[in-house]
Amino acid sequence: MNLALPALVPALPALGAAATLAVGKRVPGLARPLAIVPVAVSAVLALVVAIQLGSGQSLDVATRLTPTGGPDIALAFHLDGYSSLISVLVGLVATCVQVYSTAYLKDDPRYPSYAALVSLFTAAMFLVVYSGDLIVLLVGWEIMGICSYFLIGHHWETQDARSASLKAFLVTKLGDVPFLFGIFLLGADAGSFRIEDVLRAAADGQLGHPTLTALLLLAGVAGKSAQFPLHTWLPDAMAGPTPVSALIHAATMVAAGIYLVARLLPVFLLSGAALVVLAVMAAVTMIGSALCALAQDDLKRVLAYSTVGQLGYMAGALASGDREASVFHLVSHGAFKALLFLAAGVVIHAAHTNSISVMSRMPGLRKRVPDAYWTMGIALVALVGLPPFSGFFSKEAVLTAAEHAANGEALTNGVGPASAVPQAAGWIVLISAGLTALLTAAYATRMFLVAFHSPATAGAPATAVAAGAAGAGVSAPTAAGSSDHEAGAPYSPEVDEADPATAEPPAMRWPLWVLAVPTVGFGVAGLRSDWLPALLDGGSLRPSAVTAVTGTGLAVVGILLAYGAWRSATARLGAGQPAPAAAGRVPEQAGSPVAEVIAADPGRALLGPLFDPARHGFGVDRLYGALFVRPVAAAARLVRFLDREVVETYVRGSGVGANLLGRAVRLAQTGNAQTYLSALLAGVVLLVVLVAV
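Residues numbered from 1 in each chain as written. Predicted model: local features only at pLDDT ≥ 70, side-chain atom pairs only at ≥ 80, totals over all residues. Heavy atoms only, no water.

Novice: What's the story with the overall build of the protein chain in this structure? I'm lost.
Specialist: Counting its regular elements, the protein chain contains 30 helices and two strands. Taken across its 693 residues, the protein chain has 56% of its residues classed as buried. Total accessible area computed for the protein chain in this model is approximately 26900 Å², and 69% of it derives from carbon and sulfur atoms. (Helix = DSSP H or I, 4+ residues; strand = E, 2+ residues; numbered from the N terminus. Buried < 20%, exposed > 50% of the residue type's maximum accessible area, 1.4 Å probe, protein only. Areas by Shrake-Rupley, 256 points an atom, 1.4 Å probe, with all protein chains shown as cover.)

Novice: What is the right way to look at helix α1 (residues 4-23) in this model?
Specialist: Side chains three or four residues apart in an α-helix point the same way, a direct result of the helix having 3.6 residues per turn. The first and last C-alpha atoms of α1 sit 27 Å apart over 20 residues, in line with the 28 Å expected at 1.5 Å per residue. Within α1, the axis deviates most sharply at P10, by approximately 35°. Of the positions making up α1, those classed as buried are L5, P6, V9, P10, P13, G16, A17 and T20. Looking at the buried positions of α1, the neighbouring elements they touch are α2 (31-53), β2 (73-79) and α4 (111-130). (Expected span 1.5 Å × (residues − 1). Bend = angle between axes of the 7 residues up to and from the residue. Contact = heavy atoms within 4.5 Å.)

Novice: Explain the confidence of the model for the protein chain here, please?
Specialist: The predicted coordinates should not be examined in detail at positions where pLDDT is low. When pLDDT is averaged along the protein chain, the result is 86, and 89% of the positions lie at 70 or above. The least confident element of the protein chain is helix α22 (residues 476-480), whose mean pLDDT is 35; the most confident is helix α13 (residues 272-293), at 96. Under a pLDDT of 50 for its full length, residues 458-483 has, in the predicted model, 29 contacts with residues more than four places off or in other chains. In the predicted structure, residues 580-598 sits below a pLDDT of 50 and forms 33 contacts with residues beyond four places in sequence or in another chain. (pLDDT = per-residue confidence, 0-100.)

Novice: Whenever I open this one, the packing of helix α3 (residues 81-104) against helix α10 (residues 242-251) confuses me. Can you help?
Specialist: Describing two packed helices takes the angle between their axes plus the distance from one axis to the other. Running from amino to carboxyl end, α3 crosses α10 at an angle of 170°, the nearest separation of the two axes being 9 Å. One way to sum up the angle between α3 and α10 is to call them roughly antiparallel. Note on element contacts: α10 touches α3 through T242, P243, A246, L247 and A251, opposite L89, V90, V93, A94, V97, Y100, S101 and Y104. In terms of residue class, the contact of α3 with α10 is built from 11 nonpolar, two polar and no charged. (Axes fitted to C-alpha atoms, helices over the stretch in contact; angles between N-to-C directions. Parallel < 35°, antiparallel > 145°, perpendicular 65-115°, else oblique. Nonpolar A, V, L, I, M, F, W, Y, C, P; charged D, E, K, R; others polar.)

See below:
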């Protein structure tokens, strides 16, 4: 293989980013070609590299960058089936996002800087995927972090975007600090930062602190891949442009943590405790995020919590010792979740709102956006995990991995001994993944039905209730929830630059169908051992009969429960009866009861008393605010007081003292020579007297 090909894959988007920044503002016509062409060429080159490398092959090349007095830092490439597969996914999604963005941000004056950041972000992810050195990988890891900060805060003139970008940056950095120490420990124990040397040291038992190292690395993974307890930044990050969500929160940054654990899985297999911690983290993330998704009114926040939960699936597969199943689901999820976000952008463009309760009162919305309607339906079926879509095969691979781990027969596929995976980790993942399958089907069905299939009479009660609210002193738009979103619901508004009177341009439609192809067909790649498994570790990715029936059955139950609750809610709405949660509420409580009457939301019936806590993320943000934010803010105020009132007082006092001394000395300067001579003689006499005495 010509080594220039893999080198060009991350280099081209980086050069495109520099060129877009340099000439994009001065020559706006060049911004779009400079954004699309380098990323598209990199995607093609990534596919060529994957084909040339072939199945079951790997390539390691390195050149020393600098001596450090300890482990050297090398510019190293490690190419294998995992890096090939994920690089193709990154290239495909990034190209679709760049094309989509040319229409979505058509009139945005900051489009050149946006496109440059997307290209730089793509280059950083390619660097993470291809890197064979942990320090170089860390460089790409941190570049993605700073790019996400700027992209999430693209609409910096809004408070939500500024807060979301800052929160994403700080929370991920909170995980990156221990992650950095974990890398240092690996380098110190292995005597090298090269990944192949670290894995060789792990196989030879040369790592002196495997549990500590694994836990430190998991902190960085929890931040980057939005796992509990560092998951809170991802839902708020929906304040950024929708194409950014498709790139960052589907196929790139959030997948980087999962990819890192997959690459370093032999290190994690040395610590059963770390695997159990990872399993618990994945279980809490899966179930909690699915419950939160079932209660959200913001379409993008539903997808954000869904992303958090699906990343939990991937982490669960890794805790079960099967990195093949984890990466299989990573790629499958990257395709259908990018499709969901881009389709959501089309729907938001047409509806002029993120709120699914408001969309439910828009007759004919699905006819207005047929491409988004059908492709979103395809992607939601894949998310639910129904055959023959890709999500079914990848989700069942995760369940099968957990089942084998629970039976003490973990599918490590030669990466490590099966006995290294605790059975407890398998049981934790298996039970939580099964429950999550049911909840995923419920929230996906709820979102689709409420947004697209609410009855035409849904607008009538809204009008009536709004009129009644006006008599009570509440503005009609707020009461009806039609002007913005359902009252009391978390909402991540995005600056709307599109004209809803115009149809979506082709650049926003054809990427949906491009991503629909792997959403439908990628799953079958795992059925034959000489296809996808041969590209990875060679293990089987076929779902077992027990998990296939159980997982599909739970998904069907979730669909039926959500459908039944939706039918009941719409019937009650048509009869003019309030939702169960609205009974007994008073206007002073959070969440206007008027808004609750309007929305035929099956989530309320399914969650019951958990609905409001789930809608607000079970208060995790408030807890962090009380435990960390407020004490830190109070300490900052104390430091400011000490600095201004104590330290500066001494500084100002020294200045005032010098000033007073100067004034006193100035009083003696009269300009009279006789006064000076008299003072001099008086001084001489005084000295003589003192000496004589």
